[in-house]
Amino acid sequence: MNEQNADQKSALIIATSYGVEANELLAPQRYLEGAGYAVTVATPDGEDIRTLVSDKDPGPTVPATSTLADVDVEGHAVLVVPGGTLNADSLRLDADALRLVKGFAEAGTPIAAICHGPWLAVEADLVEGRTLTSYASLRTDISNAGGSWVDEPVAVDDTGSFTLITSRTPEDLEQFTAAIGEHLA
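Residue numbers restart at each chain and count upward from 1, following the sequence in its written direction. Totals for whole chains, interfaces and linings use every residue, but because this is a predicted model, local features are given only for residues with pLDDT of at least 70 and side-chain atom pairs only at 80 or more, for both listing and counting. The basis for every side-chain value is the complete set of non-hydrogen atoms in the structure, without hydrogens or water.

Undergrad: Looking at this structure, how should I read the pairing of strand 1 (residues 9-14)?
TA: Note on strand geometry: in a regular strand, side chains alternate between the two faces of the sheet. With five of its six residues buried, strand 1 lies for the most part within the structure. If DSSP finds at least two bridges between two strands, the strands pair. Note on conventions: DSSP H or I runs of at least 4 residues are helices, E runs of at least 2 residues are strands, and numbering of each starts at the N terminus. One ladder, built from six bridges, connects strand 1 with strand 3 (residues 37-43); its direction is parallel. Each bridged residue has a counterpart across the sheet, and for Leu12 the counterpart in strand 3 is Thr40. Note that strand 1 and strand 7 (residues 79-81) share two bridges and pair parallel. Note on strand 7: the bridge partner recorded for Leu12 is Leu79. Only protein chains enter the accessibility calculation, which uses a 1.4 Å probe; a residue is then buried when its area is under 20% of its type maximum, exposed when over 50%, and partly exposed in between.

Undergrad: Please explain the sheet that holds strand 7 as it appears in this structure.
TA: The pairing of strands in a sheet happens through backbone hydrogen bonds and is either parallel or antiparallel. If you trace the seven strands from one edge of the open sheet to the other, you get 6-3-1-7-8-12-11, paired in mixed fashion. Pairing within the sheet leaves two strands with one partner each, and these edge strands are strand 6 (66-67) and strand 11 (154-157). By definition in these notes, contact holds between two residues if any of their heavy atoms fall within 4.5 Å. The axes are straight lines fitted to the C-alpha atoms, using for helices just the contacting stretch, and the angles between their N-to-C directions are given from 0 to 180°. Most of the contacts of helix 6 (residues 173-184) go to strand 12 (residues 164-167), to which it runs at about 170 degrees, and overall it touches strand 3, strand 7, strand 8 (111-114), strand 11 and strand 12.

Undergrad: What is the right way to look at the pattern of salt bridges in this model?
TA: Pairs can form between side chains of opposite charge once their charged atoms are near each other. Take a side-chain nitrogen of Lys or Arg and a carboxyl oxygen of Asp or Glu: if they are within 4 Å of each other, that pair is a salt bridge. Summed over the entire model, instances satisfying the criterion amount to six salt bridges. Across the pair Asp89 and Arg92 runs a salt bridge whose closest N-O atoms are separated by 2.8 Å. The residue Arg168 makes a salt bridge to Asp151 at a minimum N-O spacing of 2.9 Å. Within this pair, whereas Arg168 is found in the loop between strand 12 and helix 6, its partner Asp151 is found in the loop between strand 10 (148-149) and strand 11, the two being separated by 17 residues in sequence. Each member of the salt-bridge network shares a partner with another, and the members are Asp151, Arg168 and Asp172.

Undergrad: Got a minute to help me understand the sheet that holds strand 5 (residues 57-62) in this structure?
TA: Strand order across the open sheet formed by three strands is 2-4-5, with mixed pairing between neighbours. Of all the strands in the sheet, just strand 2 (18-21) and strand 5 have a single pairing partner and so form its edges. Direction aside, neighbouring strands of the sheet carry axes that sit 45 degrees apart on average. Sheet contacts for helix 1 (residues 22-34): strand 2, strand 4 (49-53) and strand 5; angle to strand 2, the most-contacted strand, approximately 60 degrees.

Undergrad: Where do I start with the packing of aromatic side chains in this structure?
TA: Between two aromatic rings, the relevant description is the distance of the centres plus the angle of the planes. Only Phe, Tyr and Trp rings take part, Trp by its six-membered ring, and two of them pair if their centres are within 6.5 Å. Stacked means planes under 30 degrees apart, edge-to-face means over 60, and tilted covers everything else. Scanning the entire structure with this criterion turns up zero aromatic pairs. Put simply, a charge is over a ring when the Lys NZ or the Arg CZ is close to the ring centre, within 6 Å, and near the line of the ring normal, within 35 degrees. The ring of Trp119 carries the charged tip of Arg92 above its face, separated from the ring centre by 4.1 Å. One residue, Arg130, lies across the ring of Phe162, its end atom 4.1 Å from the ring centre.

Right, dumping it as structure tokens:
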């Protein structure tokens, strides 16, 4: 895990090395860094992230600072899961990503996922009885997993042992980052 000043707040963003929706990673990263958080960006292989725009056009490369296997739950104030269809579909099948999202939930630490990112929470069995939003194509998956899907820019569900913050698309990033900030304040 990356070494940080013991007094500095820390956040974790997890993604794959290809297929992440650029702004869904960059906007929360910039927001958290601007709020004084040390942000760890972890991928399965530790490789830098080749982002995409609209799931098809090349976006900027984002440096990874760790592997998923090398990070843990302790010390992080929030877990952020950006979308991108390719990213989210691969991430939900990664054992370390599942370990982390389940660990954050068990620790009572907020989890924030946008667009296709909530697929990871579905795969980890964390949505039953919860209200979420996401990219519209996940509606059936969320419903089948026992969650309630809403078509809103952001949904914040704090009815369980952890807060789950979800959002639909890059157009909702302002509301998404604001919701993250409200729950970290």
